[in-house]
Amino acid sequence: MTGVGTTRMAGESPHVTDTGTRVIPAPAVPWTPREFEAAARARLAPEHYDYFAGGAGDEVTVRANEAAFGRLSLVPRVLRGAGRPRTDVTLPGGRAAMPVLVAPTAFHRLADPEGERATARAAAAAGTVMIVSMASTVAVGEVAAAAPEATLWFQLYVQPDMAFTETLVRRAEAAGCRALVVTVDSPARGLRDRERRHGFWDLPEGMACENLRDGGRVRPIVMSPEISWEHIDLLREMTTLPIILKGVAHPADARLALGHGVSGLLVSNHGGRQLDTVPAAVDLLPEIVAAVGGAVPVLMDGGVRRGTDVLKAMALGAGAVAVGRPVIWGLAADGERGVTRVLDLLRSEVEQALTLCGCASVHDLDPGMVRRSCR
Ligand SMILES: Cc1cc2nc3c(=O)[nH]c(=O)nc-3n(C[C@H](O)[C@H](O)[C@H](O)COP(=O)(O)O)c2cc1C
Ligand SMILES: CC(C)CC(=O)C(=O)O
């Protein structure tokens, strides 16, 4: 007889097979962040599911991000009497109750009519940071108004028209955003076959990138190969907000960034959506952490799906992690409630994994608790 757990969700009835094994049927409500994907897929138009799920090229990096966590093992410590662990962290833009942030992702109204408003309310309920995408389908000021308790950071693609970039920065400041996350891995848009196959180029009628409004029109997002460190210097002069560079992958760039007044780095390959065959984000992390030498916090995103993934990244030196697709899946599956549940699952998994590792907080994690296995 295999006891699979003591809690059951409404509507579930364990039954016994003729071999005597107790079977719990697939839950009506997803129990893990990964299980939300199927629920979301069932509700999304195929072209929108593929936009959210897909990546660049052969999606080598999309797969690598999750697979790399599977190749890392956690080695717990015992008998430390650590008690119930704390999960809160201090970040450049303030504190968060958990080390899992909402990564910037575009077009939330494709997933739920409330769009980014719903995501922000769920992030506020979880006490975590939502990084609002510049390509949000609700203007950042309205996101802030819908979730006054939320801690928001604003993600920016520097626009070659620096006067308009300044307009975007002022909109983020006026909305109360506490940091700017400047995405630097996008001098061009990634080559995404799934989007091309569907001919997914535009948002449906009545939906737009609301932050890009300029008079009577909505500007297109320009991804320009002309953007350079000079633009980061201009941004640094433009605002007192902490600047976090998102998408740094090479340790040489991490070292360069330190000379440009940044308050943090977010190691990321854009969820495998920009340059395909970039290494898994968690595999890039140790070299970047070493290059930065503690000068600024290093965050990471890409492939985080479990509390144990969060611990692995933090043991390797991340100050926090962010999740992209799991939040989208929660939003598409069940709106604000779905995002709340995804974040709550991740928070409780982090707490449980810290307990099992003998840690009183994320500060007790260290690289010696992570091993690379040959799987
Ligand atoms: C549908 C989608 C839209 C995204 N939009 C943006 C964006 O507007 N700006 C940005 O910097 N990154 C964007 N990203 C990348 C995420 O911020 C993040 O790097 C990535 O999703 C992390 O990987 P994960 O989805 O495996 O958690 C997007 C990712 C996805 C999946
Ligand atoms: C609208 C896009 C620029 C958003 C993005 O970064 C992405 O789809 O990965």
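Above this text is the structure in question.
Structure report, in brief. (Residues numbered from 1 in each chain as written. Chains lettered and ligands numbered in written order. Predicted model: local features only at pLDDT ≥ 70, side-chain atom pairs only at ≥ 80, totals over all residues. Heavy atoms only, no water.)

1. Some words on the overall build of the protein chain
Within the protein chain one finds 12 helices and 16 strands. Computed over its C-alpha atoms, the radius of gyration of the protein chain comes to 21 Å, within 12% of the 21 Å expected for a compact globule of 375 residues. Taken along the three principal axes of its C-alpha coordinates, the protein chain extends 70 × 45 × 40 Å. In the protein chain, which comprises 375 residues, the share counted as buried stands at 53%. Summed over its atoms, the accessible surface of the protein chain is roughly 16300 Å², and 53% of this surface lies on carbon and sulfur atoms. Positive and negative side-chain charges of the protein chain, numbering 40 and 42 respectively, have mean locations separated by a distance of 5 Å. (Helix = DSSP H or I, 4+ residues; strand = E, 2+ residues; numbered from the N terminus. Rg over C-alpha atoms; globule rule 2.2 N^0.38 Å. Buried < 20%, exposed > 50% of the residue type's maximum accessible area, 1.4 Å probe, protein only. Areas by Shrake-Rupley, 256 points an atom, 1.4 Å probe, with all protein chains shown as cover. Lys, Arg positive; Asp, Glu negative; His and termini not counted. Charge placed at Lys NZ, Arg CZ, Asp CG, Glu CD.)

2. Some details on the environment of Thr-167
Mapped onto the secondary structure, Thr-167 falls in helix 6 (residues 162-174). Between the C-alpha atoms of Thr-167 and Val-143, which are 24 residues apart in sequence, the distance is 17 Å.

3. Considering the site of ligand 1
Around ligand 1 sit 22 residues, and of these Pro-104, Ser-133, Thr-183, Arg-305 and Gly-324 come closest. One of the side-chain N or O atoms of Gln-155 is found 3.2 Å from a nitrogen atom in ligand 1. At a separation of 2.9 Å, an oxygen atom of ligand 1 approaches a polar backbone atom of Gly-324. Taking 600 Å² as the accessible area of ligand 1 by itself, protein coverage stands at 98%. Residues of the shell around ligand 1, tallied by class, amount to seven nonpolar, 10 polar and five charged. (Near = heavy atom within 4 Å. Polar contact = N/O pair within 3.5 Å; in protein donor to acceptor, adjacent residues only side chain to side chain. Nonpolar A, V, L, I, M, F, W, Y, C, P; charged D, E, K, R; others polar.)

4. Brief notes about the site of ligand 2
Around ligand 2 sit Tyr-51, Ala-106, Phe-107, Ala-135, Tyr-157, Arg-189, Arg-192, Met-223, His-270 and Arg-273, and those are all the residues in its vicinity. Arg-192 is positioned such that a nitrogen or oxygen atom in its side chain is 2.8 Å from an oxygen atom of ligand 2. Here ligand 2 has 280 Å² of accessible area as a free molecule, and 92% of this is covered by the chains.

5. Brief notes about the side chain of Asn-211
Mapped onto the secondary structure, Asn-211 falls in the loop between helix 7 (193-198) and strand 10 (213-214). If we skip the residues at most four places from it in the chain, Asn-211 touches Ser-133, Met-134, Ser-136, Val-138, Ala-139, Val-140, Phe-154, Phe-164, Leu-168 and Arg-171. (Contact = heavy atoms within 4.5 Å.)

6. Looking at the environment of Gly-294
Position of Gly-294 relative to the elements: it lies in the loop between helix 10 (281-292) and strand 14 (298-301). A relative accessible area of 66% means that Gly-294 is categorised as exposed. Taking the C-alpha atoms as reference points, Gly-294 and Asp-50, separated by 244 residues in sequence, lie 38 Å from one another.

7. With respect to the pattern of salt bridges
What the rule picks out here adds up to 23 salt bridges. Linking Arg-34 and Glu-66 is a salt bridge whose minimum nitrogen-to-oxygen distance equals 3.1 Å. A residue pair is termed long-range when its members are at least 10 positions apart, and Arg-34 in the loop between strand 2 (22-23) and helix 1 (35-43) and Glu-66 in helix 3 (residues 60-70) qualify at 32 residues. Here Glu-66 falls in the partly exposed class, since its relative accessible area comes to 29%. By sharing partners, the salt bridges in this structure join Asp-161, Asp-214, Arg-217 and Arg-219 into a single network. (Salt bridge = Lys/Arg side-chain N within 4 Å of Asp/Glu carboxyl O.)

8. Re the nonpolar core
One finds Trp-153, Leu-265 and Met-300 to be the most contacted residues of the largest nonpolar core, which totals 121 residues. Sorting elements by how many residues they give to this core places helix 12 (residues 325-356) first, with 14 residues. Beyond its immediate stretch of four places on either side in the chain, Leu-265 contacts Ile-244, Leu-245, Val-248, Ala-254, Ala-257, Ile-288, Val-292, Val-296, Pro-297, Val-298 and Leu-299. (Core = buried A, V, L, I, M, F, W, Y, C linked by side-chain atoms within 4.5 Å.)

9. Notes on the packing of helix 11 (residues 307-315) against helix 12
For the pair helix 11 and helix 12, interaxial distance at closest approach is 7 Å and the crossing angle is 60°. In terms of orientation, helix 11 and helix 12 fall into the oblique class. Pair helix 11 / helix 12 crosses with right-handed handedness. Together, Gly-307, Thr-308, Val-310 and Leu-311 of helix 11 and Leu-346, Glu-349, Val-350, Ala-353 and Leu-354 of helix 12 make up the contact between the two elements. Along the lines of polarity and charge, the residues of the contact of helix 11 with helix 12 split into six nonpolar, two polar and one charged. (Axes fitted to C-alpha atoms, helices over the stretch in contact; angles between N-to-C directions. Parallel < 35°, antiparallel > 145°, perpendicular 65-115°, else oblique. Left-handed = near helix turned anticlockwise from the far one by under 90°.)

10. Let's talk about the packing of aromatic side chains
The relation between two aromatic rings is expressed through the spacing of the ring centres and the mutual angle of the planes. Across all of its chains, the model carries four aromatic pairs by this definition. Considering the side-chain rings of Tyr-49 and Trp-329, the 5.4 Å spacing of their centres and the 25° angle between planes classify their relative orientation as stacked. Here the residue Tyr-49 occupies a position in helix 2 (residues 46-53), and Trp-329 occupies one in helix 12, the gap between them amounting to 280 residues. Centre to centre, the rings of Tyr-51 and Phe-200 are 5.2 Å apart; their planes meet at 45°, and the pair counts as tilted. Of this pair, Tyr-51 sits in helix 2 while Phe-200 sits in the loop between helix 7 and strand 10, placing them 149 residues apart in sequence. (Phe/Tyr/Trp six-rings, centres within 6.5 Å; stacked < 30°, edge-to-face > 60°.)

Just distances and angles here, no functional claims.
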